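Notes for the structure review
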Amino acid sequence: MARRSMREEIVDAAQEQFHRYGFNAAGVKDITDRAGVPKGSFYNHFDSKESLAVVALERYGSQQRLDDLTDQKVEPVARIRANFEFLRDAQIGHGFSRGCLVGNFGNEMADHSEAIRTAVHQGLTLWAERIAGALREAQQAGSVRAELDPDKTGRFIVNAWEGTLIAARADKSGEAFESFFDLVFGSLLH
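Residues numbered from 1 in each chain as written. Predicted model: local features only at pLDDT ≥ 70, side-chain atom pairs only at ≥ 80, totals over all residues. Heavy atoms only, no water.

Right, let's talk about the overall build of the protein for a bit. When its secondary structure is counted, the protein shows nine helices and zero strands. Going from the N terminus to the C terminus, the protein shows its helices and strands as α-α-α-α-α-α-α-α-α. In terms of its C-alpha atoms, the protein occupies a principal-axis envelope of roughly 55 × 35 × 35 Å. For the protein, buried positions account for 43% of its 190 residues. (Helix = DSSP H or I, 4+ residues; strand = E, 2+ residues; numbered from the N terminus. Buried < 20%, exposed > 50% of the residue type's maximum accessible area, 1.4 Å probe, protein only.)

See the structure below:
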């Protein structure tokens, strides 16, 4: 079996390092050491750590099952809930220690890097739009109140989730997840 390209190895290692330690604490040498490639290989594939961070954000976003939010074989609110259950389970699996890479970069880098700020904005916007699309379908099916604004609600749910992750990490418990699920699926989308 052929070895994956050095570029892919670097992206995988960067995503792990950025998610575990943050942008500033993850050095290029740490990333290349984790990837098992020479440090010089980094600059054959990326202009800067910042450009690698944008690719890592895109990769991370593609792993968050956002396409499941458009699967019309599943009831719309169930799709939204399943997406957040998947995300919750990942956080629990990491011992409440990582949060969302998009949100983490938004907190750490949005004021310092236009490229990363733009990538964070695009990631959060895409996620909110997918939720809004599912909410529109739920409204057409009569399972969500017609007066609920799908776009504002999608953005609110994403924002509420990012805050939930902060609380879960601070508490090192799933209590914040219980509140999120109770309020979003028991009240807001009931």
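Compared with the 40 Å implied by 1.5 Å per residue over 28 residues, the 40 Å span of helix 7 (residues 114-141) between its first and last C-alpha is a close match. If you check which residues of helix 7 are buried, you get Ile 116, Ala 119, Val 120, Trp 127, Ala 128, Ile 131, Ala 132, Ala 134, Leu 135, Ala 138 and Gln 139. Where helix 7 terminates, the next one or two residues include Gly 142, which has phi positive at roughly 80°. (Expected span 1.5 Å × (residues − 1).)

Turning our eyes to something else, we now look at helix 9 (residues 175-188). In an α-helix there are 3.6 residues to a turn, and that puts residues three or four apart on one side. With 14 residues, helix 9 ought to run about 20 Å at 1.5 Å a step, and its terminal C-alpha atoms sit 19 Å apart, in line with that. Among the residues of helix 9, Ala 176, Phe 177, Phe 180, Phe 181, Val 184 and Phe 185 are the ones counted as buried. Around the axis of helix 9, the buried residues are gathered within 130° of arc, so they sit on the same side. Of the residues in helix 9, the exposed ones pointing more than 90 degrees away from the buried face are Glu 175, Glu 178, Asp 182 and Leu 183. (Arc of directions from axis to C-beta.)

It is worth spelling out the nonpolar core at this point. Of all hydrophobic cores here, the largest spans 55 residues; its most connected members are Phe 18 and Phe 84. If you list the elements that add at least two residues to this core, you get helix 1 (6-21), helix 2 (28-35), helix 4 (49-62), helix 5 (76-93), helix 6 (101-109), helix 7, helix 8 (150-171) and helix 9. With nine residues, the top contributor of residues to this core is helix 7. If near-sequence neighbours (up to four positions away) are discounted, Phe 18 is found in contact with Phe 23, Ala 26, Ile 31, Lys 49, Leu 52, Ala 53, Ala 56, Leu 101 and Phe 105. (Core = buried A, V, L, I, M, F, W, Y, C linked by side-chain atoms within 4.5 Å. Contact = heavy atoms within 4.5 Å.)

All right, on to the environment of Lys 152 then. With respect to the helices and strands, the residue Lys 152 is situated in helix 8. A residue is classified by how much of its surface remains accessible, and Lys 152, at 55% relative accessible area, is exposed. Separated by 71 residues in sequence, Lys 152 and Arg 81 have C-alpha atoms that sit 17 Å apart.

Let us look at a negative patch on the surface. Taken together, the side chains of Asp 171, Glu 175, Glu 178 and Asp 182 present a region of like negative charge at the surface. The element best represented in the negative patch is helix 9, accounting for three residues. Locating Asp 182 in the fold gives a position in helix 9. Judged by its relative accessible area of 53%, Asp 182 is exposed. (Patch = residues over 30% accessible without salt bridge, like charges linked within 9 Å, V, L, I, M, F, W, Y side chains within 5 Å. Areas by Shrake-Rupley, 256 points an atom, 1.4 Å probe, with all protein chains shown as cover. Salt bridge = Lys/Arg side-chain N within 4 Å of Asp/Glu carboxyl O. Lys, Arg positive; Asp, Glu negative; His and termini not counted. Charge placed at Lys NZ, Arg CZ, Asp CG, Glu CD.)

A few words now on the packing of helix 5 against helix 8. Running from N to C, helix 5 and helix 8 cross one another at 15°; their axes reach a closest spacing of 12 Å. Viewed along their axes, helix 5 and helix 8 adopt a mutual orientation that is roughly parallel. Where helix 5 crosses over helix 8, the handedness of that crossing is right-handed. Facing helix 5, whose interface residues are Phe 84, Leu 87, Arg 88 and Gln 91, helix 8 presents Ile 157, Trp 161 and Leu 165. A breakdown of the residues in the contact of helix 5 with helix 8 according to their chemical character gives five nonpolar, one polar and one charged. (Axes fitted to C-alpha atoms, helices over the stretch in contact; angles between N-to-C directions. Parallel < 35°, antiparallel > 145°, perpendicular 65-115°, else oblique. Left-handed = near helix turned anticlockwise from the far one by under 90°. Nonpolar A, V, L, I, M, F, W, Y, C, P; charged D, E, K, R; others polar.)

By secondary structure assignment, the location of Glu 162 is in helix 8. One buried charged residue, Glu 162, remains without a salt bridge, the closest side chain of opposite sign being Arg 169 at 7.9 Å. Those residues in contact with Glu 162 that lie beyond four places of it in its chain are Cys 100, Gly 103, Leu 124 and Trp 127.

The analysis is restricted to geometry; functional conclusions fall outside its scope.
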